[in-house]
Amino acid sequence: LRHLIQPLDFTTEEFEQLFRLADQILENPSAYSDVCKGKLMASLFFEPSTRTRLSFESAMYRLGGQVVGFADAKVSSTAKGESLSDTLRTVENYCDIAAMRHPKEGAALLASKYMTTMPIINAGDGGHQHPTQTLTDLTTIRHYKGHFDHLTIGVCGDLKFGRTIHSLVRAMNRYDGVKFVFISPDELKMPQVFLDELDPQDYTETSNLKEAIKDLDILYMSRVQRERFVSEEEYLRLKDFFILDKEKMALARKDMLVLHPLPRVNEIHPEVDADPRAVYFQQARFGMYIRMALIMFLLGLGGQND
Ligand code: CP
């Protein structure tokens, strides 16, 4: 039984199979409108979401499947004290696949250990990992750049709590010649545990976005993750540390891409949205197609060795 808990659960070849399947679905969606007929997805969101939940649910419906679940743990029996493992073992009786977001790091991995028939897709576990956002990010990079090798990626903002960043770096580190520039205030630096996975020659750290932006192929902006802060005062002090605006974009290369997993708060000024290098809304669109491919793959309905 396969699950997707973190990006390295899939090989780069399997990622490529998913990208190819997503391309095929995007080209001819009607050919896939029945492939999940009779299949049921559990959409278990113990934490708020717009894109991940709605793109997963749209993906399943567009594949001809159906969805049950909740978008607020307060309406589930979690509110009565039921454990996560009991909840998931119950849901496995009804559903073929589950997408789950949870505030606790490791929740999706824990849930997967109890499963015998139902693949678990980690839709975000606390500040840890968000592998389907990474699939979305890589689909976007592949679409616009055509390759992953030898890219210089600036990762900017809340590198401490940003689960999309932790997954992105882990996935991109598998490609040849990729360099990372970690751009953050001191308080929100990339955790050592993730830096330890990298060759020290493959990354630099800075708090100077204006300098760093000049040499990037990709700038991956991120929101300061208010919900992970213990101190509201600390959040308020750091939340506007970086604001990407027209002035900074003028320093960047003509072919640099700006990605952001969204939601954004203040970190990208809306004036940047019209810049053709800003592709974060297209990125959100790709998210549905790659999740369609992932659902098919995990249900054994396509993608494997295509
Ligand atoms: N990118 C992302 O995970 O967005 P949501 O929190 O809206 O799902």
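Residues numbered from 1 in each chain as written. Predicted model: local features only at pLDDT ≥ 70, side-chain atom pairs only at ≥ 80, totals over all residues. Heavy atoms only, no water.

Trainee: Outline the overall build of the protein, listing residues and values.
Mentor: The number of helices and strands found in the protein is eleven helices and nine strands. Its C-alpha radius of gyration of 19 Å places the protein within 12% of the 19 Å reference for a compact globule of 306 residues. Counting the 306 residues in the protein, one finds 56% classified as buried. Across the protein, contacts joining residues at least 24 apart in sequence account for 74% of those joining residues at least 6 apart. For the protein, the computed accessible surface area is about 13,300 Å², with 49% contributed by carbon and sulfur atoms. Across the protein, the centroid of the 36 positively charged side chains sits 4 Å from that of the 43 negatively charged ones. (Helix = DSSP H or I, 4+ residues; strand = E, 2+ residues; numbered from the N terminus. Rg over C-alpha atoms; globule rule 2.2 N^0.38 Å. Buried < 20%, exposed > 50% of the residue type's maximum accessible area, 1.4 Å probe, protein only. Contact = heavy atoms within 4.5 Å. Areas by Shrake-Rupley, 256 points an atom, 1.4 Å probe, with all protein chains shown as cover. Lys, Arg positive; Asp, Glu negative; His and termini not counted. Charge placed at Lys NZ, Arg CZ, Asp CG, Glu CD.)

Trainee: Can you explain the site of the ligand? Please cite residues and give values.
Mentor: All residues in the neighbourhood of the ligand are listed as Ser49, Thr50, Arg51, Thr52, Arg101, His130, Gln133, Pro261, Leu262 and Pro263. Note that an oxygen atom of the ligand is positioned 2.6 Å from one of the side-chain N or O atoms of Ser49. With respect to the ligand, the side chain of Thr52 contributes an N or O atom lying 2.7 Å from an oxygen atom. With the chains in place, 91% of the 260 Å² that the ligand exposes on its own is no longer accessible. Here the shell around the ligand is built from residues that sort into three nonpolar, five polar and two charged. (Near = heavy atom within 4 Å. Polar contact = N/O pair within 3.5 Å; in protein donor to acceptor, adjacent residues only side chain to side chain. Nonpolar A, V, L, I, M, F, W, Y, C, P; charged D, E, K, R; others polar.)

Trainee: Could you give an account of the packing of aromatic side chains, naming the residues involved and the relevant values?
Mentor: The tally for this structure, following the rule as stated, stands at twelve aromatic pairs. Taking 6.5 Å as the distance between ring centres and 50° as the angle between the ring planes, the aromatic pair formed by Phe10 and Phe15 counts as tilted. For Phe10, a relative accessible area of 1% puts it in the buried group. Since its relative accessible area comes to 1%, Phe15 is described here as buried. On the numbers, 4.8 Å between centres and 75° between planes, the contact of Phe241 with Phe242 is edge-to-face. By relative accessible area, which is 42% here, Phe241 ends up partly exposed. Relative accessible area serves as the criterion here: at 8%, Phe242 is assigned to the buried category. Through successive ring pairs, a cluster of aromatic residues spans Phe10, Phe15, Phe19, Phe148, Tyr175 and Phe297. Cation over ring: Arg174 sits above Phe15, and NZ or CZ is 5.1 Å from the ring centre. (Phe/Tyr/Trp six-rings, centres within 6.5 Å; stacked < 30°, edge-to-face > 60°. Lys NZ or Arg CZ within 6 Å of the ring centre and 35° of its normal.)

Trainee: Residues and numbers for the nonpolar core, please.
Mentor: Counting 59 residues, the largest nonpolar core has Leu138, Val155, Met172, Phe180, Phe182 and Ile295 as the members making the most contacts within it. Phe182 has contacts with Val155, Leu159, Val169, Met190, Leu195, Leu198, Tyr203, Thr204, Glu205 and Thr206, leaving out every residue within four places of it along the chain. (Core = buried A, V, L, I, M, F, W, Y, C linked by side-chain atoms within 4.5 Å.)

Trainee: Please give an account of the packing of helix α2 (residues 51–62) against helix α11 (residues 280–298) that cites residues and values.
Mentor: Running from N to C, α2 and α11 point in directions that differ by 50°, and their axes come no closer than 8 Å. Relative to α11, the element α2 lies oblique. Here the hand of the crossing between α2 and α11 comes out right-handed. Touching Arg51, Thr52, Ser55, Phe56, Ser58, Ala59, Met60 and Arg62 of α2 are Ala284, Gly287, Met288, Arg291, Met292 and Ile295, all from α11. (Axes fitted to C-alpha atoms, helices over the stretch in contact; angles between N-to-C directions. Parallel < 35°, antiparallel > 145°, perpendicular 65-115°, else oblique. Left-handed = near helix turned anticlockwise from the far one by under 90°.)

Trainee: Give me the pairing of strand β3 (residues 97–102): which residues, what numbers.
Mentor: In terms of burial, β3 is largely enclosed, as six of its six residues are buried. Neither face of β3 is exposed, since Ile97, Ala99 and Arg101 on one face and Ala98, Met100 and His102 on the opposite face are all buried. The pairing of strand β1 (residues 40–45) with β3 spans five bridges and is parallel. Counterpart to Met41 in the pairing with β3 is Ile97. In this structure, β3 lies alongside strand β4 (residues 120–125), joined through four bridges in parallel fashion. Across the sheet, Met100 pairs through a bridge with Asn122, a residue of β4. Between the parallel pair β3 and β4, the chain is carried across by helix α4 (residues 107–113), and the sense of this crossover is right-handed. (Pairing = 2+ DSSP bridges. Right-handed = clockwise from strand over helix to strand, strands pointing away.)

Trainee: Report on the UniProt feature "domain: Aspartate/ornithine carbamoyltransferase Asp/Orn-binding" (unreviewed entry) in the protein, specifying residues and quantitative values.
Mentor: Mapped onto the present numbering, the UniProt feature "domain: Aspartate/ornithine carbamoyltransferase Asp/Orn-binding" (unreviewed entry) falls at residues 151–297. Segment residues 151–297 splits into 32% helix and 14% strand. End C-alpha atoms: 28 Å apart. (UniProt positions renumbered as here; feature names shortened; annotations may be inferred.)

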